[in-house]
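Residues per chain are reported as follows:
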Amino acid sequence: MSFDLSLLPAYTDQLSTDLISAALLKPQTVQHLTVLPGKTAGTSAINLLNSTPYILDSTCGFSVAQTGPGGATGNTTTFSQLELVVQDKMMKEELCPSDLRSVWLSSQLSPSAYLESVPFEAQIANNKVNNIKQYIENTVWQGDGGNLDGLLAQATIANGCIGATAGVTVPLAVGTAFASIWNIYGALSNALKQEDDLVMYMSMTNYAIAVRALMAEGNALITQYPNINNVSGSAPMSFIWPGTNMTIFAAPGLNSNTHIIVGPKKYAYFGTGLMDDEDRFRFFYDPSIDVVKFMAKFRLGTSIYASQFASTI
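Here goes a summary of the coordinates provided. (Residues numbered from 1 in each chain as written. Predicted model: local features only at pLDDT ≥ 70, side-chain atom pairs only at ≥ 80, totals over all residues. Heavy atoms only, no water.)

## Examining the environment of Y305
So, step 1. Topologically, Y305 is positioned in the loop between β11 (291-304) and β12 (310-311).
So, step 2. Among all residues touching Y305, those that are not within four sequence positions of it are L48, N50, S80, L82 and Y267. (Helix = DSSP H or I, 4+ residues; strand = E, 2+ residues; numbered from the N terminus. Contact = heavy atoms within 4.5 Å.)

## Observations concerning the pattern of salt bridges
So, step 1. Evaluated as defined, the whole model comprises 5 salt bridges.
So, step 2. A salt bridge links K128 to E93; the shortest N-O distance between them is 2.5 Å. One end of the pair, K128, is in helix α4 (residues 121-142); the other, E93, is in strand β3 (residues 76-95), with 35 residues separating them in the sequence.
So, step 3. Among the residues examined, K128 registers a relative accessible area of 11% and is labelled buried.
So, step 4. Here E93 falls in the partly exposed class, since its relative accessible area comes to 30%.
So, step 5. The structure contains a network of salt bridges with shared partners spanning E195, D197 and K266. (Salt bridge = Lys/Arg side-chain N within 4 Å of Asp/Glu carboxyl O. Buried < 20%, exposed > 50% of the residue type's maximum accessible area, 1.4 Å probe, protein only.)

## A few points about helix α6 (residues 174-186)
So, step 1. In this model α6 runs 19 Å from its N-terminal to its C-terminal C-alpha over 13 residues, within 8% of the 18 Å that 1.5 Å per residue would give.
So, step 2. Contact partners of the buried residues in α6: α7 (190-193), β5 (198-202), α8 (204-216), β7 (247-250), β8 (261-264) and β12. (Expected span 1.5 Å × (residues − 1).)

## Considerations on the packing of aromatic side chains
So, step 1. All chains considered together, the criterion is met by 10 aromatic pairs.
So, step 2. On the numbers, 5.2 Å between centres and 85° between planes, the contact of Y267 with Y305 is edge-to-face. With Y267 in the loop between β8 and β9 (268-271) and Y305 in the loop between β11 and β12, this pair connects stretches of sequence that are 38 residues apart.
So, step 3. Taking relative accessible area as the criterion, Y267 reaches 15% and is therefore assigned buried.
So, step 4. With a relative accessible area of 14%, Y305 lands in the buried category.
So, step 5. Among the aromatic side chains, those forming a connected cluster through ring pairs are F178, W182, Y185, Y207, F239 and W241.
So, step 6. Here the guanidinium or amino end of K128 rests over the ring plane of F294, the centre of that ring lying 5.9 Å away.
So, step 7. Above the ring of Y267, the side-chain terminus of K266 is found at 5.9 Å from the ring centroid. (Phe/Tyr/Trp six-rings, centres within 6.5 Å; stacked < 30°, edge-to-face > 60°. Lys NZ or Arg CZ within 6 Å of the ring centre and 35° of its normal.)

In structure tokens, the structure reads:
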């Protein structure tokens, strides 16, 4: 008796969803955005709800005096929409197992003349995951040079962000970064400052300077920087700015040292598929040309509710 594995799917078919989920959801920035799965390619609408509250002394009636100053500008409930553009992307590669016969990898090949798989599929798949993660990290911020605008292009004062340039020096400098970060935070309204998911997005260069500026303020603040006795050896990419509920986040894909934005995570969106089998990883043997093929397909897009963010651009 022996194992009959002929009816089992290839390794990456079994883990296809796990692999594509890791590729799409694990980039650093995506973990600090609101993920909207189930999006098809093209433009979809994100429905938004806002209201303007006026709390007044209780009296009878529903006239202008009871519904807030100015009548139409009093208590209102406003529905609006934000466009989210999502694009299909893919990575394809042909792998010929026979090419490995002349090198040490031949020891990992099947002795059969028919080579319908490649060795180290798991490692190859994980390498592809990391490649896609890096692509997504960069594209979230910088766009794809075609159909997708990144957050750098969307999160600007011209597009509706709150201006956060007064008293701010960017790129950050150690001597002025502490004050600059407070001034960027200060540009937010009191209502936005009360949000429990505030994130200040900045480049890794600015992040390092922000940490140095915080440490320069002395022991009272340095103890609040995370992992100061870091025994794990992994460098933190974010921390809470002392005196606020705002997370300072170093976004690897944010390559501009002059662009810093801050606002609620709930209003920065990452759209993807993931809810159907169109987003998947596959290794499969194509007998028509006698090669193993790798294919990954996925969707992504970003959108930001600009008016809820402060920007230095």
